[in-house]
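Breakdown of the fold
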Amino acid sequence: MLRTRFSMIQPTFLCLAILLTGLLAARSENHQLPSPTEQPILTIEGNIGVTNVGDKALFDRPMLEEIGMTTVETTTPWFDGRVKFEGVPVDRLMEVVAADGTEVVAVALNDYRTTIPLADFRKYEVILALKRDGEYMSVSDKGPLFIVYPFDSDPDLDSQRYYARSVWQLARLIVR
């Protein structure tokens, strides 16, 4: 009888070991993003758990678009009338890289820097815009990436605090 119980336990442990091995392998694979196939336009670094080049996550345009695009129509201090922006929800992007922090430092191509609470991204549905009025944004037109708040959705967003967080020509996000 003892032998029968042991023979039943052994396959159970074997199945458990196989399951755990599979989960650990899947988990380690999820910590690696695919490599960009085009010129990277965004680097995310700092307290992130998913990378593709050393301790950084580099994204090209197709990689960002693959995360999923959304649209924000709003007025801004920089353009006349309502503008239609299309881009990636920043809270979703932070999930993709497993951001673990309370804020990000957004750095533009010209080295302009500002600190943004991570909570802003979900609270205000902030996007990382790639397109304005249906066209990809060039560097000379605030692109290739522009952090856009839906300014018309909340009167609190109509302030210098949030305008300063709307980094255009974004190049890097540093999670802290």
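Thresholds applied
- Residues numbered from 1 in each chain as written.
- Predicted model: local features only at pLDDT ≥ 70, side-chain atom pairs only at ≥ 80, totals over all residues.
- Heavy atoms only, no water.
- Phe/Tyr/Trp six-rings, centres within 6.5 Å; stacked < 30°, edge-to-face > 60°.
- Helix = DSSP H or I, 4+ residues; strand = E, 2+ residues; numbered from the N terminus.
- Lys NZ or Arg CZ within 6 Å of the ring centre and 35° of its normal.
- Buried < 20%, exposed > 50% of the residue type's maximum accessible area, 1.4 Å probe, protein only.
- Pairing = 2+ DSSP bridges.
- Axes fitted to C-alpha atoms, helices over the stretch in contact; angles between N-to-C directions.

Attention shifts here to the packing of aromatic side chains. By the definition in use, this model includes 12 aromatic pairs. Taken together, a centroid distance of 5.7 Å and an interplanar angle of 65 degrees make the contact between Trp 78 and Phe 146 edge-to-face. One end of the pair, Trp 78, is in the loop between strand E3 (70-75) and strand E4 (82-89); the other, Phe 146, is in strand E9 (residues 146-148), and 68 residues separate them in sequence. One aromatic cluster in this structure is built from Trp 78, Phe 79, Phe 85, Tyr 124, Phe 146, Tyr 149, Phe 151, Tyr 162, Tyr 163 and Trp 168. Here the guanidinium or amino end of Lys 131 rests over the ring plane of Tyr 136, the centre of that ring lying 4.8 Å away. One Lys or Arg, Lys 142, reaches over the ring of Trp 168 and ends 4.1 Å from the middle of that ring.

A separate point is the pairing of strand E7 (residues 127-132). Here E7 lies mainly inside the structure; five of its six residues are buried. The sheet contact formed by E4 and E7 spans five bridges and is antiparallel. Looking at E7, one finds that Gly 87 is bridged to Ala 129. In terms of strand pairing, E7 meets E9 through three bridges, oriented antiparallel. Bridging across to E9, Leu 128 finds its partner in Ile 147. Examined bridge by bridge, E7 and strand E8 (residues 135-136) share two bridges and lie antiparallel to one another. Its bridge partner being in E8, Arg 132 is matched across the sheet by Glu 135. Counted along the chain from E7 to the antiparallel partner E8, the turn is two residues long, and its residue Asp 133 has a positive phi close to 50 degrees.

This part is about the sheet that holds strand E2 (residues 57-59). Sheet strands associate in pairs through backbone hydrogen bonding, adopting either a parallel or an antiparallel arrangement. What the five strands build is an open sheet, ordered E2-E1-E10-E5-E6; its pairing is mixed. The open sheet has two edge strands, E2 and strand E6 (113-117), and neither has a second partner. Neighbour-to-neighbour, the strand axes of this sheet turn through a mean angle of 20 degrees, independent of strand direction. Across five bridges, strand E5 (residues 103-108) lies against strand E10 (residues 170-175) in antiparallel orientation.

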